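Chain and residue survey
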Amino acid sequence: MHPPRQATGETVVARAPGRVNLIGEHTDYNGGLCLPFAIQLATTATVAARADDRIRMSSDQAAPDDPHWQRYVHGVVTELRRAGWELPGLDLALTSTVPLGGGLSSSAALECAVATALAGLLGIPLDGAGRRELAEICRRAETDQVGAPTGGMDQLASMLGSAGHALLIDFADARSPVTTPVPLPVAAAGLVLLVTDTRVRHVLADGDGGYAQRRRECAAGDRRRLRHVASENDRVRAAVAAIGAQDWPGLGSLMTASHASLRDDYEVSVAQLDLVVETAVGEGALGSRLTGGGFGGCTITLVAAERAAAVRTAVDSAFHDRGWSAPAHHLVEPGPGAALLSAAG
Ligand code: GLA
């Protein structure tokens, strides 16, 4: 990255997407493989330098009395300063279409939008290496400043996503993950990717939560947890091969097998996620799985375009039958990663 220069004072706007993970769950912090892609739901950060050193921020999503999201902003600013960026005081406004705590990486979208806007404010161009560095800074903001021990997949997907492509990430060398764009021509095959938000909310920023516990269990060598990691890495490799061969039923089966492994070996599913997967597959979807950390959040379903409405209806009515509130559905496509929408002149 170029040496930072002082902010100029203009307003800069940047956008960074949330992500879904097609396959490869709980592998990033275990030195494994994952295959996420950036989605259309995104966070926008508008920043301007202040004459004093205060940081003032607003968000259209958070309740004014819930300062939690502000820790992510302070985390990014702190880590950027540690990396040598000379950041002034800031006015910062956030807007977002990524549901908070919904498993679509609302936090990575927020971090990456802020970091990208601040790069724009300092006139730092973002090439591939710069994007990688920002992804790592954002991961550290989340892990070291906020205390959510996440693995790095979400920030890389948000910074490096590209339209029409998933991003194969190999964390074998955790300090220097290898990324490879993988074309994902689902629309041309008459298929859609349907995200279903169970509206069951998880909290990652909780040192005693299930996510942190799973990390500890893996570090301690728990056999069933590591069996999931090994089988999931095999499924990611097989999924990349299936995509290359346009073997969509094959990809779907791998997704559903991933869900079973997350449910039975890794034990991060909940009844709502299992019901979506079961119902979707029962309605003829090619495959379906929980996406993200689990304990709530979303599923991703691969389904023929003409069957998508039937899957949604069946899932809604299955939820209704159990007295659960209706889930939300989003059709997603692989979209571009973080970008400046307007730069300092
Ligand atoms: C969350 C974390 C990621 C990853 C997934 C599980 O989304 O932020 O780093 O560990 O869970 O695959």
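What you see is a predicted model; the values in this text were computed from it and never measured. (Residues numbered from 1 in each chain as written. Predicted model: local features only at pLDDT ≥ 70, side-chain atom pairs only at ≥ 80, totals over all residues. Heavy atoms only, no water.)

Some remarks on the pairing of strand β9 (residues 287–291)
- Among the five residues in β9, five count as buried, and that is most of the element.
- As paired strands, β9 and strand β10 (residues 298–304) are joined by five bridges and run antiparallel to one another. Residue pairing for β10: L290 is matched across the bridge by T299.
- Taken together, β9 and the strand that follows it, β10, pair antiparallel across an intervening segment of six residues, in which G292 is found at a positive phi of about 95°. (Buried < 20%, exposed > 50% of the residue type's maximum accessible area, 1.4 Å probe, protein only. Helix = DSSP H or I, 4+ residues; strand = E, 2+ residues; numbered from the N terminus. Pairing = 2+ DSSP bridges.)

A few points about the domain arrangement of the protein chain
- Domains assigned within the protein chain are domain 1 (11–183 + 334–342) and domain 2 (187–332).
- On a C-alpha basis, the centres of domain 1 and domain 2 stand 23 Å from each other.
- Counting residues at the interface gives 37 residues for domain 1, matched by 39 residues for domain 2.
- Across the domain 1 to domain 2 interface the summed buried area is about 2900 Å²; carbon plus sulfur atoms make up 69%.
- If you look at where domain 1 meets domain 2, you find one salt bridge.
- Ionic pairing is found between E25 and R289, a salt bridge with its closest N-O pair at 2.7 Å.
- Summed over the shared surface of domain 1 and domain 2, the result is 14 residue pairs in polar contact (both at pLDDT 80 or more).
- Here the side of domain 1 that touches domain 2 is composed, by residue class, of 20 nonpolar, 14 polar and three charged. (Domains from an automatic or database assignment. Contact = heavy atoms within 4.5 Å. Buried area = accessible area lost by both parts, 1.4 Å probe. Salt bridge = Lys/Arg side-chain N within 4 Å of Asp/Glu carboxyl O. Polar contact = N/O pair within 3.5 Å; in protein donor to acceptor, adjacent residues only side chain to side chain. Nonpolar A, V, L, I, M, F, W, Y, C, P; charged D, E, K, R; others polar.)

Comments concerning the nonpolar core
- Grouped together as the largest cluster of nonpolar side chains are 43 residues, with contacts concentrated most on W85, V114 and L118.
- Of all the elements in the fold, those that place two or more residues in this core are β1 (11–21), β3 (36–50), α1 (68–82), β5 (89–96), α2 (106–121), α3 (128–146), α4 (153–160) and β6 (165–170).
- No other element matches the nine residues that α2 contributes to this core.
- Beyond its immediate chain neighbours, meaning those up to four positions away, V114 contacts A45, V73, V76, L92 and L94. (Core = buried A, V, L, I, M, F, W, Y, C linked by side-chain atoms within 4.5 Å.)

So, the pattern of salt bridges
- Considering all chains together, one arrives at 21 salt bridges under this definition.
- Here R19 makes a salt bridge to D154, at a shortest N to O gap of 2.8 Å. With R19 in strand β1 and D154 in helix α4, this pair connects stretches of sequence that are 135 residues apart.
- Look at R19 and you get buried, because its relative accessible area is 4%.
- Exposure remark for D154: the relative accessible area of 11% places this residue in the buried category.
- With its nearest N and O atoms 2.6 Å apart, the salt bridge here joins R225 to E217. This pair shows no difference in class: R225 is buried, exactly as E217 is.
- A network of salt bridges, in which partner residues are shared, links E79, R82, E136, R139 and R140.

Brief notes about the packing of aromatic side chains
- Scanning the model with the defined rule gives two aromatic pairs in all.
- On the basis of an interplanar angle of 65° and a centroid distance of 5.4 Å, the ring pair of Y29 and Y211 is categorised as edge-to-face. Of this pair, Y29 sits in the loop between β1 and β2 (33–34) while Y211 sits in helix α5 (residues 210–219); the two residues are 182 residues apart in sequence, bridging distant segments of the chain.
- For the ring pair F319 and W324, a centre distance of 5.3 Å and an interplane angle of 80° mean the geometry is edge-to-face.
- Exposure remark for W324: the relative accessible area of 26% places this residue in the partly exposed category.
- In this arrangement the basic side chain of R322 is found over the ring face of W324, its NZ or CZ atom lying 6.0 Å from the centre. (Phe/Tyr/Trp six-rings, centres within 6.5 Å; stacked < 30°, edge-to-face > 60°. Lys NZ or Arg CZ within 6 Å of the ring centre and 35° of its normal.)

Structural notes on the site of the ligand
- The environment of the ligand is formed by 14 residues, the closest being E25, H26, D28, D154 and Y211.
- In the environment of the ligand, an oxygen atom lies 2.7 Å from a nitrogen or oxygen atom belonging to the backbone of H26.
- Y211 is positioned with one of its side-chain polar atoms (N or O) 2.6 Å from an oxygen atom of the ligand.
- Relative to its free-state accessible area of 310 Å², the ligand is covered by the protein chains to the extent of 98%.
- The residue makeup of the shell around the ligand, split by class, is four nonpolar, six polar and four charged.
- In this structure, the shell around the ligand is formed jointly by two domains, domain 1 (11–183 + 334–342) and domain 2 (187–332), each of which donates at least three residues. (Near = heavy atom within 4 Å. Areas by Shrake-Rupley, 256 points an atom, 1.4 Å probe, with all protein chains shown as cover.)

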